[in-house]
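Here is what each chain is made of, one letter per residue.
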Amino acid sequence: MTQCIKVQETLVEGGKPVIFVDERETRSKVFGFLKNFDVILRRKKLDVGDYICSKEVACERKTVEDFLQSIINKRIFLQLEALMDSYEKPVLIIEGQPNLLFFTRNVHENAIRGALASIATDYGVPVLWTWNPKETANMLFVIAYREQINKNKGVQIRSGKKPKTIKEQQEFLVAGLPGVNAKLSQRLLEYFKTPKRVFNASVDELIKIEKIGEKKAKKMWELVNREYE
């Protein structure tokens, strides 16, 4: 089972939103247009989604051609299930002219309508239409800005399925600490044995762990010990 990873990215100074972009999408025109916005772009190999716009919203982008192919091989439904497992508000963006759905590929129109109906009613995933990469970039920026600036939700990456075993849940819990990924979470648990001991650890104890310096240790300690406001 793929380990579930959680990474938190705080808002940078100046109030710019952060968008995580899958490495494969960095070759697209959308990524080029996003560079023109007042936004921080983070390239990362994402197992789930193409663009992560907040801790709740992840977007899967499909051109009309891609969408039709995903209906044929049924991949779209697997992708949506993965999004729903990891994010509260998954979004499907279909890029291109809607009328081309029925003329681009040899796919029966009822199969296309059935897929769209299933996405909306069975999966409950909203579909946003954009005409071109520039409009897609605009849409992604607006989503990220509303989520992170207006609603102050921050960014969160989750890849893989939700943890099921106690071990996976413990790793997922510790991976919520600042700067802690899946491997570092496992390293912490191997050393401290329980999540409670990780959270109770002092800065001096934390810096004994490989890949944890004083700066990261202080952030981890502050998150656990600072009073909730």
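Here the structure is a predicted model, which is why all the values come from computation and not from measurement.

A. Up close: the overall build of the protein. Looking only at helices and strands, the protein has 10 helices and eight strands in total. When burial is assessed residue by residue, the protein has 45% of its 229 residues classed as buried. Sequence separation of at least 24 residues holds for 67% of the intrachain contacts in the protein that already meet a minimum separation of 6. By element, 49% of the accessible surface of the protein is carried by carbon and sulfur atoms, the whole surface being about 13,100 Å².

B. Representation of unusual backbone geometry. Even without glycine at this site, Lys74 takes up a positive phi of about 65 degrees. Here the phi dihedral of Lys193 falls at roughly 80 degrees; this positive angle occurs in a residue that is not glycine. Here Lys193 shows up in the loop between helix H7 (182-192) and helix H8 (195-200). Classification of Lys193 by relative accessible area gives exposed; the value is 56%.

C. Examining the sheet that holds strand E7 (residues 127-130) more closely. Spatially, six strands are ordered E3-E2-E4-E5-E6-E7 in an open sheet, and the strand pairing comes out mixed. Strands with a single pairing partner mark the edges of an open sheet, and in this sheet they are strand E3 (40-44) and E7. When strand E2 (residues 18-22) meets E3, the two strands line up parallel, connected through five bridges. Note that in E3 the partner of Asp22 across the bridge is Lys44. Against the sheet, helix H3 (residues 75-86) touches strand E5 (57-63) and strand E6 (89-95), its axis set at about 165 degrees to E5.

D. Highlighting the packing of aromatic side chains. Counted according to the given criterion, the structure contains four aromatic pairs. Between Tyr191 and Phe192, the aromatic rings sit 4.8 Å apart at their centres with planes inclined by 75 degrees, giving edge-to-face as the arrangement. One aromatic cluster is present, built from ring pairs that chain together Phe37, Phe141 and Tyr145.

E. Molecular detail of the packing of helix H2 (residues 64-72) against helix H4 (residues 109-122). Their axes nearest at 11 Å, the elements H2 and H4 cross at an angle of 90 degrees. By the criterion of interaxial angle, the relationship of H2 to H4 is roughly perpendicular. Contacts from Phe67, Leu68 and Ile71 of H2 reach H4 at Ala111, Ile112, Ala115, Leu116 and Ile119.

F. Focus on the pairing of E5. With six of seven residues buried, E5 is to be regarded as a mostly interior element. Linking strand E4 (residues 51-52) to E5, which pair antiparallel, is a turn of four residues. The pairing of E5 with E6 spans seven bridges and is classified as parallel. Bridge pairing links Ala58 to Pro90 in E6.

G. The pairing of E2, seen in detail. Of all five residues that make up E2, five are buried, and the element is covered over most of its length. Residue alternation in E2 divides its side chains into two sets, Val18, Phe20 and Asp22 and Ile19 and Val21, and both sets are buried. With respect to chirality, the unit in which E2 leads through helix H1 (residues 29-34) into the neighbouring parallel E3 is right-handed. Pairing geometry for E2 and E4, over two bridges, is antiparallel. Across the sheet, Val21 pairs through a bridge with Tyr51, a residue of E4.

H. The arrangement of the pattern of salt bridges in detail. Tallying each qualifying case throughout the model produces nine salt bridges. For Arg61, the salt bridge is made with Glu25, and the minimal N-O distance between the two is 3.1 Å. One end of the pair, Arg61, is in strand E5; the other, Glu25, is in the loop between E2 and H1, with 36 residues separating them in the sequence. Accessibility classification places Arg61 together with Glu25 in one group, the buried group. For the salt bridge of Glu222 with Arg226, the shortest nitrogen-to-oxygen distance reads 3.3 Å. Residues joined by salt bridges that share partners form a network here, namely Glu25, Arg61 and Glu95.

Calculation criteria
- Going along each chain's sequence as written, the residues are numbered from 1 onward.
- Only residues with pLDDT of 70 or above have their local features reported here, since the model is predicted, and side-chain atom pairs are shown and tallied only from 80 upward, although totals for entire chains, interfaces and linings are computed over all residues.
- Hydrogens and water are ignored here; the side-chain numbers use all heavy atoms of the structure.
- Strands here are runs of E lasting at least two residues and helices are runs of H or I lasting at least four, both read from the DSSP assignment and numbered beginning at the N terminus.
- Each residue is assigned to one of three classes by its accessible area relative to the maximum for its type, calculated with a 1.4 Å probe on protein chains only: buried under 20%, partly exposed between the two thresholds, exposed over 50%.
- The contact definition used throughout considers only heavy atoms, calling two residues in contact when any of these lie within 4.5 Å.
- The Shrake-Rupley method, run with a 1.4 Å probe sphere, supplies the accessible areas, and residue values consider only the shown protein chains as cover.
- Pairs of strands are assigned from DSSP output, requiring at least two bridges between the strands.
- Throughout, an axis means a line fitted to C-alpha atoms (over the contacting stretch in the case of helices), and angles, computed between N-to-C directions, take values from 0 to 180 degrees.
- Here a pair means two rings of Phe, Tyr or Trp (six-membered ring of Trp) with centres within 6.5 Å. Their orientation is stacked below 30 degrees between planes, edge-to-face above 60, and tilted elsewhere.
- Oblique is the label for any angle not covered by the other classes, which are roughly parallel (under 35 degrees), roughly antiparallel (over 145) and roughly perpendicular (65 to 115).
- Every crossover in which the path from the first strand over the helix to the second runs clockwise, viewed with the strands pointing away from the viewer, is termed right-handed.
- Salt bridges are counted wherever a side-chain nitrogen of Lys or Arg sits within 4 Å of a carboxyl oxygen of Asp or Glu.

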